[in-house]
Amino acid sequence: MKAGGPWAWVPTLYFAEGVPYFVVNNISVVMFKNLGMPNAELALYTSLLYLPWVIKPLWSPFVDVIRTKRWWILCMQAAMALCFAALAFSVPSRSGGVSVFALTLVLFYITALCSATHDIAADGYYMLALDTHRQAQFVGIRSTFYRIASVFGQGVLVMLAGVLEARLGNVPRAWRLVLLMCSGIFVLITLWHTVSMPSPASDAPRAVNAGAVFKDIGRSFTSFFRKRGIWFAMVFMLLFRLPEAFSVKMLSPMLLDPLEQGGLAMTTSSVGLVYGTVGVIALTLGGILGGLAAGRWGLRKSMWPMALSLALPCAVYLYMAVAQPSNNWTIGTLVALDQFGYGFGFTAYMLFMIYFSEGEFKTSHYALCTAFMALSMMLPGLVAGYLQERLGYVGFFWMVMACCLATVVVAWLAKNKIDAQYGKK
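> Just to check I follow, could you spell out the overall build of the protein chain for this structure?
If you tally the helices and strands in the protein chain, you get 15 helices and zero strands. The C-alpha radius of gyration of the protein chain comes to 21 Å, within 12% of the 22 Å expected for a compact globule of 425 residues. Referenced to the eigenvectors of the C-alpha coordinate spread, the extents of the protein chain come out at roughly 60 × 50 × 40 Å. The buried share of the protein chain, taken over its 425 residues, is 56%. Partitioning the intrachain contacts of the protein chain with sequence separation of at least 6 by distance along the chain shows that 84% fall at a separation of at least 24. If you sum the accessible surface of the protein chain, you get close to 18,000 Å²; carbon and sulfur atoms cover 67% of it. Side chains of the protein chain give 30 positive and 17 negative charges; the mean places of these two sets differ by 6 Å.

> What am I meant to see in helix H12 (residues 268-311) here?
An ideal rise of 1.5 Å per residue puts 64 Å on 44 residues; H12 reaches only 27 Å between its terminal C-alpha atoms. Bending of H12 peaks at approximately 120° at the position of Gly298.

> Just to check I follow, could you spell out a nonpolar patch on the surface for this structure?
Residues Ile281, Leu285, Ile288, Leu289, Leu292 and Phe340 make up a contiguous nonpolar surface patch of about 550 Å² in total accessible area. Sort the elements by how many residues they give to the nonpolar patch and H12 lands first, with five residues. Mapped onto the secondary structure, Leu292 falls in helix H12.

> Please clarify how the packing of aromatic side chains should be interpreted in this entry.
What characterises a pair of aromatic rings is the spacing of the ring centres plus the angle enclosed by the ring planes. Throughout the structure, instances matching the rule amount to 25 aromatic pairs. A centroid spacing of 5.7 Å and a plane angle of 65° characterise the contact between Phe32 and Phe108, whose relative ring orientation is edge-to-face. Placement of the pair is Phe32 in helix H1 (residues 6-34) and Phe108 in helix H6 (residues 102-129), with a sequence separation of 76 residues. For the pair Phe32 and Phe108, one class covers both residues: buried.

> How should I be thinking about the state of the cysteines in this particular structure?
Two cysteines whose sulfur atoms are joined by a covalent bond form what is called a disulfide. Scanning the entire structure with this criterion turns up zero disulfides. Between Cys314, a free cysteine, and Cys404, which holds the nearest cysteine sulfur, the sulfur-to-sulfur gap is 5.2 Å.

The rules behind these values
All residue numbers here refer to positions counted from 1 along the written sequence of the relevant chain. Reporting in this predicted model follows two pLDDT cut-offs: at least 70 for local features of residues, and 80 or more for side-chain atom pairs to be given and counted; totals over whole chains, interfaces and linings ignore these cut-offs and use all residues. With hydrogens and water stripped out, all remaining heavy atoms of the structure feed into the side-chain values. Numbering of helices and strands runs from the N terminus; a helix is a DSSP stretch of H or I covering at least four residues, while a strand is a stretch of E covering at least two. Radius of gyration: C-alpha atoms only; globule rule: 2.2 Å multiplied by the number of residues to the exponent 0.38. Exposure categories follow from relative accessible area, calculated using a 1.4 Å probe and restricted to protein chains: below 20% of the type maximum is buried, above 50% is exposed, and the middle band is partly exposed. Residues count as neighbours in contact if any of their non-hydrogen atoms are within 4.5 Å of one another. Throughout, the Shrake-Rupley method with a 1.4 Å probe supplies accessible areas, and for residues the shown protein chains are the sole cover considered. Positive charges are assigned to Lys and Arg, negative charges to Asp and Glu, while His and the chain termini are left out of the count. The location of each charge is read from NZ of Lys, CZ of Arg, CG of Asp or CD of Glu. Take the number of residues in a helix, subtract one, and multiply by 1.5 Å to get its expected span. Note on bend: at a given residue it equals the angle between the axes fitted to the 7 residues ending there and to the 7 starting there. Only residues above 30% relative accessible area that lack a salt bridge enter a patch, with like-charged residues linked at up to 9 Å and the nonpolar side chains Val, Leu, Ile, Met, Phe, Trp and Tyr linked at up to 5 Å. By salt bridge we mean one thing: a side-chain nitrogen of Lys or Arg within 4 Å of a carboxyl oxygen of Asp or Glu. Note on aromatic pairs: the rings of Phe, Tyr and Trp (six-membered ring only in Trp) are paired at centre separations within 6.5 Å, and the planes decide the class, stacked below 30 degrees, edge-to-face beyond 60, tilted for the rest. Two cysteine sulfurs form what is called a disulfide whenever their separation falls within 2.5 Å.

The structure is reproduced here in structure tokens:
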């Protein structure tokens, strides 16, 4: 693991890419719930945290032409270390609505902006620092460590917060310590990458004027919205995951809420274990199986089983809302079933984006597709909390099941628009 070798920086780079994403978009939900923010405001304001990932194609060209990718990576990692420290000191000691958490929310938005910019630079650096052979060789490593970051961010950190809550008897203090730990981790990662990441000759700022940059952005945007089938593609990308997009912001609140409010009354550490660890592992296994299935059958033949796999397991949350099981093994099994199905079905979504991005400006068009992917999660999340408060958990998850119809319809329409051989090995 000599300095400059890919083993020295690829694992830690993609661990550093994953942790802030999951802290911002997942841990924030659990933390604000524990601190007493109502579900409606919680879902609205944490869904808006997706916004930097929606609009990051707007500034990604400037990351290409200003300084180096390595410089951007180190700066963003240092900035996130500072953001996590500031977040720790901003956690309020009292419960309340959004006004109580205003500073904490602003700092989460800044962290999200830094994380999205770090994603741009990290993925660009990976392609510049490694030749095509090593890019292929390490693609599994980067994916694995991103998933480890997912388990760490959604599982380990939440479980740690739960343990600290129980020992200290002070919820705000427990979350302050967890966020300070995140800050310390990013200080160490920044220092490590300063010495371990090489400075390849290809990673150099390009001498491109602002006019040329804006012209390229304009061309990629206009060509994207002129692609054949663009209107259907946008509908597909916005609706295929509709059941999951509505439910994801309400899962942790349902697990944490007391029985009399329709929840399952789980502890914070149990939520970290069940949803953030067991669920993420099942999600990963489902994704692996989905990739194998798509490679064997192709995207067209895989579309139906993957669409049903993504949509129908949402029924486990309706069952939990009605039955309110108390056994963690039962809850964990149900969550794992849903997440496995989601991981398997999400493969079709990813392949559709790759398929639609083919042609000129492939990289830019794929970036725009990922913006629609983030938007598809953000928009339903904005109103999910208000709907849950109005309908209750049982009524809310009946509505989620009705949204499965959208997944089925767009999957049925997509089948005839995809090359029969696409995705086959």
